[in-house]
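Survey of secondary and tertiary structure
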Amino acid sequence: MTEKLTKTALTPPTHTTPPARFSHGVRKGNVLQVAGQVGFLPAEEGRPPTPAGPTLREQTLQTFANVAAILEEGGASWDDVLMVRVYLTDTAHFAEFNEIYNAYFADLTEAPSARTTVYVGLPAGLLVEIDALAVLG
């Protein structure tokens, strides 16, 4: 008889409740999926979600921090990530994003994850969205 694995929603204290019926992250067994994250500053009571700043660098670094918070909430780290999906709003940002990405992940101890980058429309002022799939153990 196989034990049923529990699916657990992950919402770190840095995040607000999602605006619709979804989870910021979900872990089931050793699989952890992080929903698309944007560069909003950490949740603060009474303040609406606010972008980290107007630049790609500011938003990307905050987005990485938001993804990392969910990974940590689920017991994972960037070394456990197999796949990263990046959503940019402007094709002209690709080279700059790669520079930021390479610097951020320069110290990984495991092989780098696979990555897909696509171009999308996001709400006004947002430049990047990132999701990640991690497998632990």
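All of the points below concern the structure found in this document.

The rules behind these values
- Residues numbered from 1 in each chain as written.
- Predicted model: local features only at pLDDT ≥ 70, side-chain atom pairs only at ≥ 80, totals over all residues.
- Heavy atoms only, no water.
- Helix = DSSP H or I, 4+ residues; strand = E, 2+ residues; numbered from the N terminus.
- Expected span 1.5 Å × (residues − 1).
- Buried < 20%, exposed > 50% of the residue type's maximum accessible area, 1.4 Å probe, protein only.
- Contact = heavy atoms within 4.5 Å.
- Phe/Tyr/Trp six-rings, centres within 6.5 Å; stacked < 30°, edge-to-face > 60°.
- Lys NZ or Arg CZ within 6 Å of the ring centre and 35° of its normal.
- Salt bridge = Lys/Arg side-chain N within 4 Å of Asp/Glu carboxyl O.

Taking 1.5 Å of rise per residue, the 18 residues of helix 1 (residues 56–73) would be expected to cover 26 Å, and the 26 Å separating its terminal C-alpha atoms lies within 8% of that figure. Regarding helix 1, the residues found buried are Leu56, Gln59, Thr60, Gln62, Thr63, Phe64, Asn66, Val67, Ala68, Ala69, Ile70 and Leu71. Looking at the buried residues of helix 1, the elements they touch are strand 1 (7–10), strand 2 (25–28), strand 3 (31–38), strand 4 (81–88), helix 2 (94–104) and strand 6 (128–135). Trailing helix 1 by a residue or two, Gly75 shows a phi angle of about 85°, which is positive.

As a further point, take the packing of aromatic side chains. Inspection of the entire model under this criterion finds 10 aromatic pairs. Centre to centre, the rings of Phe64 and Tyr104 are 4.2 Å apart; their planes meet at 25°, and the pair counts as stacked. Of the two residues, Phe64 is situated in helix 1 and Tyr104 in helix 2; the sequence distance between them amounts to 40 residues. Judged by its relative accessible area of 31%, Tyr104 is partly exposed. Here the guanidinium or amino end of Arg115 rests over the ring plane of Tyr101, the centre of that ring lying 4.5 Å away.

The next point concerns the pattern of salt bridges. A side chain of one charge can pair with a side chain of the opposite charge when the charged atoms of the two come close. Evaluation of the coordinates by the stated rule reveals two salt bridges. The salt bridge involving Glu44 is made with Arg47; its shortest N-O contact spans 3.6 Å. With its nearest N and O atoms 2.4 Å apart, the salt bridge here joins Arg85 to Asp131. Linking Arg85 in strand 4 with Asp131 in strand 6, this pair joins segments that are 46 residues apart in sequence. We classify Arg85 as partly exposed; its relative accessible area is 25%. Looking at Asp131, the relative accessible area reads 8%, which means it is buried.

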